[in-house]
Amino acid sequence: MRRVFALLAALVLIPVATATPALAYEPVNIVHTEHVKAGPYGLTVGFSTWPLRAMQSLDFTFIPDGGIEDKTGTFMRTGPSGSHTRALPMARHPRKRDVWGLDVFALQVEGNWKFDFTIDGPQGHGAGALTNLQVLPQPGPPLALSWAVCSIPFVALIGFLIVVWRRGKVRQLAVA
């Protein structure tokens, strides 16, 4: 009984003890920043990938001068076609809790984007914009081609299952 208990404890504790570093969140690496003046506030916009490409996930960070503790803000995106999102409240970045940000976010189309910011804090209300944010075309082959190539194994599997199923039906009829 002791041996079984020791074996079970080892099977549970060894993976947990060795997996803890692997369970940690990957840090947010900012490789490029842009500075925006939002009224009396300076705002540093950070990007985890540069240059930006359409449909490529990345992290955005929004860091006001002096930190976020006594400030609130909103963020709005305007795409190349002129369509824009409603103003969303700034929220803490899920993996970098001391700044505002977006985690694993992608801009869907290429072209010039605009980010509008408003910040309210001890120095009053401020508004600013990051304009002419160039987003390059999507990396890799066109999306339709990627989906077509990726679906080949699935279609082949379905074809294989149909052939096997029909051959099984023919054999059942011959036996009966």
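Residues numbered from 1 in each chain as written. Predicted model: local features only at pLDDT ≥ 70, side-chain atom pairs only at ≥ 80, totals over all residues. Heavy atoms only, no water.

### Side note on the sheet that holds strand S2 (residues 41–47)
Spatial strand order, S1-S2-S3-S6: four strands in an open sheet with antiparallel pairing. Looking at the sheet topology across the chains shown, the edges are occupied by strand S1 (32–38) and strand S6 (100–105). On average, each strand axis in the sheet is inclined to that of its neighbour by 15°, with strand direction left out of account. (Pairing = 2+ DSSP bridges. Helix = DSSP H or I, 4+ residues; strand = E, 2+ residues; numbered from the N terminus. Axes fitted to C-alpha atoms, helices over the stretch in contact; angles between N-to-C directions.)

### Points about the nonpolar core
Counting residues in each nonpolar core, the largest one holds 24 residues, and the members touching the most others are Phe-47, Phe-62, Phe-115 and Phe-117. Beyond its immediate chain neighbours, meaning those up to four positions away, Phe-115 contacts Phe-47, Phe-60, Phe-75, Met-76, Arg-77, Leu-107, Gly-128, Ala-129, Leu-130 and Leu-133. (Core = buried A, V, L, I, M, F, W, Y, C linked by side-chain atoms within 4.5 Å. Buried < 20%, exposed > 50% of the residue type's maximum accessible area, 1.4 Å probe, protein only. Contact = heavy atoms within 4.5 Å.)

### What about the pattern of salt bridges?
Oppositely charged side chains can form a pair if their charged atoms are brought close together. Summed over all chains, the structure comprises four salt bridges. Connected through shared salt-bridge partners, Asp-59, Arg-95 and Asp-103 make up one network. (Salt bridge = Lys/Arg side-chain N within 4 Å of Asp/Glu carboxyl O.)

### Digging into the sheet that holds strand S8 (residues 124–135)
As summarised here, the arrangement of the four strands in space is S5-S4-S7-S8, forming an open sheet in which the pairing is antiparallel. Pairing within the sheet leaves two strands with one partner each, and these edge strands are strand S5 (88–89) and S8. In the sheet, strand S4 (residues 72–78) pairs with S5 via two bridges, with the strands oriented antiparallel. Along S5, the bridge assignment pairs Phe-75 with Leu-88.

### Observations concerning a nonpolar patch on the surface
A contiguous nonpolar surface patch, about 760 Å² in accessible area, is contributed by Phe-154, Val-155, Leu-157, Ile-158, Phe-160, Leu-161, Ile-162 and Val-164. Relative to the helices and strands, Val-164 resides in helix H2 (residues 143–175). (Patch = residues over 30% accessible without salt bridge, like charges linked within 9 Å, V, L, I, M, F, W, Y side chains within 5 Å. Areas by Shrake-Rupley, 256 points an atom, 1.4 Å probe, with all protein chains shown as cover.)

### Topic: unusual backbone geometry
With an omega of 0°, the peptide bond between Trp-50 and Pro-51 qualifies as cis. Looking at where Pro-51 falls in the secondary structure, it is placed in the loop between S2 and strand S3 (58–64). If you check the backbone angles, Met-55 has positive phi at about 60° while not being a glycine. Within the secondary structure, Met-55 is located in the loop between S2 and S3. Taking relative accessible area as the criterion, Met-55 reaches 37% and is therefore assigned partly exposed. Even without glycine at this site, Val-104 takes up a positive phi of about 50°.

Everything listed here is a matter of coordinates, which is why it stays silent on function.
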